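Summary of the model geometry
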Amino acid sequence: EPEVTQTPSHQVTQMGQEVILRCVPISNHLYFYWYRQILGQKVEFLVSFYNNEISEKSEIFDDQFSVERPDGSNFTLKIRSTKLEDSAMYFCASSEWTANEQFFGPGTRLTVL
Amino acid sequence: DAKTTQPPSMDCAEGRAANLPCNHSTISGNEYVYWYRQIHSQGPQYIIHGLKNNETNEMASLIITEDRKSSTLILPHATLRDTAVYYCIVRVAGVGNNRKLIWGLGTSLAVNP
C-alpha cells in the first residue's frame, strides 16, 4: 500500500540554524500539507500546497518558513533560522484531491537546542 | 478553533464495541465529518468520513444524527492496537481554500485487556 515517507525521523539542530525537512508524498496525489505538533499539544496546520504554489497557510507559517517541490517526488519544509519554540513533530500529508482523506507520514521530530 | 467537542478520555474492554461521541452543533451544510486517530505520536491515520448518511468501512462505522449536530464513531470489536487518540474534525469539501484540518484535543481511548 502506498504511503507518505518523511526524512529524517529525528533532527537535532542549534538555534539559528536552517533545517530542511523532507517528504515524499503518495505518487498520484496532487495536494500536499505540513502540520506540526508540539509535545502534548494539538496538531496544528502550517501550509497547503497545490500546483506548485501555496494555497493556504496559517499564522504560524511566517517568513521563516518556506515550502518547495523541487522535483516530481519530494516536498520540503525549510525553516530558515530555527527557534527553541520550533521544536515539535512535523507531519507531512498528501491527498488525491481536496475532498478526500489526507494521508500522513510518520513525522520528523525536530529538536532545537 | 476546532468546531467539535469530544470527551477527553474513554475506556473500552478488548473485544467490545467502542462508541466515541462527537458534538458539532455549528456544522454547516457543506461540511463533512472526518475521523482520524493518532497512535502514540505517530502520524495521524484516516479512519472514515461522512456527510449525512451513515458510513461503514473495514475499520469503523460512522453514525451521524439526522440534524447532523453530532456523530458517533464505532469500532465494532476493539483491540489493544486501537488504543489511540481519536479526532473528530469537520471540514468543507470541494475545491477552494479551507482544505486544512483543524484539530481539537480528541478522545484518548484506552482499550483494556
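From a predicted model like this one, the values you see are computed outputs, not experimental measurements. (Residues numbered from 1 in each chain as written. Chains lettered and ligands numbered in written order. Predicted model: local features only at pLDDT ≥ 70, side-chain atom pairs only at ≥ 80, totals over all residues. Heavy atoms only, no water.)

1. Description of the overall build of chain A
Rules: Each helix is a run of H or I in the DSSP string that is no shorter than four residues. Each strand is a run of E no shorter than two, and both are numbered from the N terminus. Burial classification: accessible surface area is computed with a 1.4 Å probe over protein chains only, and a residue below 20% of its type maximum counts as buried, one above 50% as exposed, and the rest as partly exposed. In this description, contact between two residues means that some pair of their heavy atoms is separated by no more than 4.5 Å. For every accessible area listed, the method is Shrake-Rupley and the probe measures 1.4 Å; residues are considered covered only by the protein chains on display. Counted charges follow a simple rule, with Lys and Arg positive, Asp and Glu negative, and His plus the chain ends left uncounted. Charged groups are reduced to one reference atom each: NZ for lysine, CZ for arginine, CG for aspartic acid, CD for glutamic acid.
Per the secondary structure count, chain A includes zero helices and eleven strands. N-terminal to C-terminal, the α/β element order of chain A is β-β-β-β-β-β-β-β-β-β-β. By its C-alpha atoms, chain A is 35 × 30 × 25 Å across when sized along the principal axes. Among the 113 residues that make up chain A, the fraction classed as buried is 48%. Long-range contacts, defined here as pairs at least 24 residues apart, represent 54% of the contacts in chain A between residues at least 6 apart. Put simply, chain A shows about 5,600 Å² of open surface, and 47% of that area lies on carbon and sulfur atoms. Side chains of chain A carry 9 positive and 15 negative charges; the gap between the two charge centres is 6 Å.

2. Considerations on the sheet that holds strand β5 (residues 55-56) of chain B
The test is simple: Being paired, for any two strands, means DSSP has found at least two bridges between them.
Read across the sheet, four strands follow the order β2-β7-β6-β5 (chain B) without closing on themselves; strand pairing throughout is antiparallel. Two strands in the sheet have a free side with no partner beyond their single neighbour: β2 (18-23) and β5 of chain B.

3. So, the state of the cysteines
Residues and elements named next belong to chain B. As a reminder, the rule being used: A pair of cysteine sulfur atoms is labelled a disulfide when the two atoms are within 2.5 Å.
Throughout the structure, instances matching the rule amount to two disulfides over all chains. Residue pairing for C22: its cysteine sulfur links by disulfide to C88, the two sulfurs lying 2.1 Å apart. Sign of the S-S torsion, about -80° for the bond between C22 and C88, identifies this disulfide as left-handed. Of this pair, C22 sits in strand β2 while C88 sits in strand β8 (residues 84-92); the two residues are 66 residues apart in sequence, bridging distant segments of the chain. Exposure remark for C22: the relative accessible area of 1% places this residue in the buried category.

4. Quick word on the pairing of strand β9 (residues 107-112) of chain B
Residues and elements named next belong to chain B. Of the two faces of β9, the one holding T107, L109 and V111 is buried and the one holding S108, A110 and N112 is not buried anywhere. Of the strand pairs in this sheet, β8 and β9 are connected by three bridges, and their pairing is antiparallel. Bridge pairing in β9 places A84 opposite L109.

5. Some points on the confidence of the model for chain A
Rules: By definition, pLDDT measures how confident the predictor is in each residue, and it falls between 0 and 100.
Looking at chain A as a whole, the pLDDT averages 93, with 98% of positions reaching at least 70. Mean pLDDT per element in chain A: strand β6 (residues 53-57) of chain A is the minimum at 91, and strand β11 (residues 108-112) of chain A is the maximum at 98.

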